[in-house]
Amino acid sequence: YGGMGLDFSYNIAVAEELGNICCAGIPMAIGVQTGMATPALTRFGSHELKQQFLVPTIAGDFVACLGVSEAGAGSDVANIKTTAVRKGDEYVINGGKMWITSGSQADWMCLLANTSEGPAHQNKSLICLPMNLPGIHVAKKIDKLGMRSSDTAQIFFEDVRVPCKNLIGEEGKGFTYQMLQFQEERLLGVALALTPLETVIQETIDYTRQRKVFGQPVLHNQTVHFRLAELATEVELLRSLLHRAVALYVEGNDVTKFASMAKLKAGRLTREVTDSCLQFWGGMGFTSEVLVSRFYRDLRLVSIGGGTDETMLSIICKYMEILPRK
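As the structure is a prediction and not an experimental result, all values here were calculated from the model. (Residues numbered from 1 in each chain as written. Predicted model: local features only at pLDDT ≥ 70, side-chain atom pairs only at ≥ 80, totals over all residues. Heavy atoms only, no water.)

Engineer: Describe the domain arrangement of the chain, and please don't skip the residues or the numbers.
Structural biologist: According to the domain assignment, the chain contains domain 1 (37-170) and domain 2 (176-320). On a C-alpha basis, the centres of domain 1 and domain 2 stand 30 Å from each other. Area buried by domain 1 at its contact with domain 2 is led by R43, S75 and M147, which between them contribute 34% of it. The interface formed by domain 1 and domain 2 holds one salt bridge in total. E184 serves as the salt-bridge partner of R43, at 2.7 Å between the closest nitrogen and oxygen. The tally of links between domain 1 and domain 2 comes to five residue pairs in polar contact (both at pLDDT 80 or more). The greatest single-element share of the side of domain 1 that touches domain 2, amounting to four residues, is contributed by helix α3 (residues 39-44). (Domains from an automatic or database assignment. Buried area = accessible area lost by both parts, 1.4 Å probe. Salt bridge = Lys/Arg side-chain N within 4 Å of Asp/Glu carboxyl O. Polar contact = N/O pair within 3.5 Å; in protein donor to acceptor, adjacent residues only side chain to side chain. Helix = DSSP H or I, 4+ residues; strand = E, 2+ residues; numbered from the N terminus.)

Engineer: Talk me through unusual backbone geometry; I want residue IDs and the actual numbers.
Structural biologist: Leave glycine aside and you will find that most residues have negative phi; peptide bonds, for their part, are mostly trans. You will see that S102, though not glycine, has its phi angle at about 70 degrees, which is positive. Of note in this structure, E321 is not a glycine but carries a positive phi near 55 degrees. Secondary-structure assignment places E321 in the segment after α9 (309-320).

Engineer: Give me the packing of helix α1 (residues 8-18) against helix α5 (residues 174-210): which residues, what numbers.
Structural biologist: Between α1 and α5, the shortest axis-to-axis distance is 7 Å and the interhelical angle comes to 35 degrees. Note on packing geometry: the crossing formed by α1 with α5 is right-handed. Judged by residue contacts, F8, N11, I12, A15, E16 and L18 of α1 engage E184, L187, L188, A191, L192, L194 and T195 from α5. Classifying every residue of the contact of α1 with α5 gives nine nonpolar, two polar and two charged. (Axes fitted to C-alpha atoms, helices over the stretch in contact; angles between N-to-C directions. Left-handed = near helix turned anticlockwise from the far one by under 90°. Contact = heavy atoms within 4.5 Å. Nonpolar A, V, L, I, M, F, W, Y, C, P; charged D, E, K, R; others polar.)

Engineer: Tell me about the nonpolar core, and please be specific about residues and values.
Structural biologist: Ranked by size, the top nonpolar core spans 46 residues in total, and within it I12, L187, I201, L228, L242, V273 and C277 carry the most contacts. Listed by contribution, the elements that provide at least two residues to this core are α1, α5, α6 (222-250), α7 (256-280) and α8 (291-298). Looking at which element gives the most residues to this core, the answer is α5, with 11 residues. What C277 contacts, discounting residues up to four positions off in sequence, is V200, I201, T204, L228, L231 and V292. Grouped together as the second largest cluster of nonpolar side chains are 24 residues, M36, F53, A73 and F182 included. (Core = buried A, V, L, I, M, F, W, Y, C linked by side-chain atoms within 4.5 Å. Buried < 20%, exposed > 50% of the residue type's maximum accessible area, 1.4 Å probe, protein only.)

Engineer: Lay out the side chain of S303 in plain terms, naming residues and giving numbers.
Structural biologist: Inspection of the secondary structure puts S303 in the loop between α8 and α9. For S303, a relative accessible area of 5% translates into the label buried. Polar contacts involving the side chain of S303 include one to the side chain of R271, which spans 3.2 Å. Residues contacting S303, with those up to four places away along its chain left out, are K263, G267, R268, R271, T308 and D309.

Engineer: Quick one: what's the story with the UniProt feature "domain: Acyl-CoA dehydrogenase/oxidase N-terminal" (unreviewed entry) in the chain, residue by residue and with numbers?
Structural biologist: The sites that UniProt annotates as "domain: Acyl-CoA dehydrogenase/oxidase N-terminal" (unreviewed entry) are residues 1-61. In the segment residues 1-61, helix accounts for 67% and strand for 0%; the C-alpha atoms at its two ends are 13 Å apart. (UniProt positions renumbered as here; feature names shortened; annotations may be inferred.)

If you want it as structure tokens, here you go:
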């Protein structure tokens, strides 16, 4: 369908390189296209759907977005309220989605909606939804703390009709498909964060080497260069965990625990690195003129998007079997 047929480790290699772009919003938008909106279609979609949606998306002619989160259901995917009711050979969609990356410009959405009244984990389906259909309203582009170069939209659906043939895979399997996709999304998110963290540390080294306070470079203070050495070590440890998880995933293993651990650590480390480094920049770090302040804002999303830190901890606890059984 236009791709190179390579395994997932190549996605990670590309994601690490995309981190050289000096704003996190652009790599995130690319990541949504390659690792969030299209994996379920690639795995489970019909040949016809792949021709219609996947081919132009891979070619870059279509922008894709992922419609999962809602105002009352972010990490709690099972709690989404958007419905897609089958009427004849069409689904009629009503509801809304929130925090949709690339939502203002997307050509189509990989939509998760409730297609029946059954149990929450068995009543959801994924649907390829063209964004130019009547009844789709892009309410607003959300003004955000960071990732400001990436448009994030709130979207409403009012009696939107889409052919039933746009269903990805089997009806009722949408939650399962989405959970499978989340592991790739989270590993991709970790990879996208690694290079910016290295960049922030190196730029801080360069700045504190030339910036003098009380007659000596700031870098020559032991508390500064020891802290930077600690942070660099943490980044390398995160990279090792990521690469181990990816290697296991490529071999066909369930890496939910390791992906969740890596996502948790990435979220916390992005906060730790950017906060510590910004401090060493002093007043200059509090301006919009330096990269460290931009990454301080942009990378704060890593602990929220794609599953919060708290959600990752819950998943890890489940796999460690340290929570009481219901």
